[in-house]
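Here are the chains, one letter per residue:
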Amino acid sequence: MFNKRDIKSIRSEVYQHMGRKVKVKTNLGRNRVGITEGIIAETYPSIFLVQIEADGDIPRRKISYSYNDVITREIELVVYQ
């Protein structure tokens, strides 16, 4: 099980970087990795939203991620300076 302290520290760290551009590496299984870039748009008690930039005809959208995904390394966040 995870300590609440771990989730709490991840949550506060994500909150501190809200509004910054991030790269999200997602583990898709079977040695596949998906990479998306966007901006941390909103944070909630159990999830945070990353707003993906528009690309051609595809409108901007938000993707939700769980703080547990960060702890279990299902996703990896890289914050741009």
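Residues numbered from 1 in each chain as written. Predicted model: local features only at pLDDT ≥ 70, side-chain atom pairs only at ≥ 80, totals over all residues. Heavy atoms only, no water.

(A) Spatial organisation of the packing of aromatic side chains. Scanning all chains against the criterion turns up two aromatic pairs. Their ring planes at 35 degrees and their centres at 5.9 Å tell us that Phe48 and Tyr65 sit as a pair that is tilted. Highlighted residues: Phe48 in strand 3 (residues 47-52) and Tyr65 in strand 4 (residues 61-66), separated in sequence by 17 residues. Where Phe48 meets Tyr67, the ring centres are 5.4 Å apart and the plane angle is 35 degrees; that geometry is what we call tilted. In this pair, Phe48 sits in strand 3 while Tyr67 sits in helix 2 (residues 67-71), placing the two residues 19 residues apart along the sequence. For the pair shown, Phe48 and Tyr67 are each scored as buried. Among the aromatic side chains, those forming a connected cluster through ring pairs are Phe48, Tyr65 and Tyr67. (Phe/Tyr/Trp six-rings, centres within 6.5 Å; stacked < 30°, edge-to-face > 60°. Helix = DSSP H or I, 4+ residues; strand = E, 2+ residues; numbered from the N terminus. Buried < 20%, exposed > 50% of the residue type's maximum accessible area, 1.4 Å probe, protein only.)

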